[in-house]
Amino acid sequence: MALHYAFRLSLIAFATESVRGIISHSDFFGATQSALIAAVIFFGLGLVLGEVATRLVEESARASFEKWKNNLD
């Protein structure tokens, strides 16, 4: 889950930075370099946030299951 989120976030960052480079009439090398740097940064951010979200959902599901299981007794 975290890896999927990281890939999507990095692709969005790459596309956004590429469009910004086109709009500001930057040279190709500069625009591509800044887009790749943004993609790498947001990939790392996506890994961290995706892992946090995964753990939160798993913990919530585990707590809900335990509560449901205890109510059956």
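(A) Quick look at helix H1 (residues 2-23). Taking 1.5 Å per residue, 22 residues should reach 32 Å; H1 reaches 32 Å between its end C-alpha atoms and fits that length. Among all positions of H1, only Ala-2, Ala-6, Leu-9, Ser-10, Ala-13, Glu-17 and Gly-21 are buried. Buried residues of H1 fall within an arc of 105° about the axis and therefore sit on the same side. More than 90 degrees from the buried face of H1, the exposed residues found are His-4, Arg-8, Leu-11, Ile-12, Thr-16, Ile-22 and Ile-23. In the core, the buried residues of H1 are packed alongside helix H2 (28-72).

(B) Quick look at the side chain of Thr-54. Mapped onto the secondary structure, Thr-54 falls in helix H2. A relative accessible area of 18% means that Thr-54 is categorised as buried. Ignoring any residue separated from it by four or fewer positions in sequence, one finds Thr-54 in contact with Met-1 and Ala-2.

Criteria and thresholds
Residues numbered from 1 in each chain as written. Predicted model: local features only at pLDDT ≥ 70, side-chain atom pairs only at ≥ 80, totals over all residues. Heavy atoms only, no water. Helix = DSSP H or I, 4+ residues; strand = E, 2+ residues; numbered from the N terminus. Expected span 1.5 Å × (residues − 1). Buried < 20%, exposed > 50% of the residue type's maximum accessible area, 1.4 Å probe, protein only. Arc of directions from axis to C-beta. Contact = heavy atoms within 4.5 Å.

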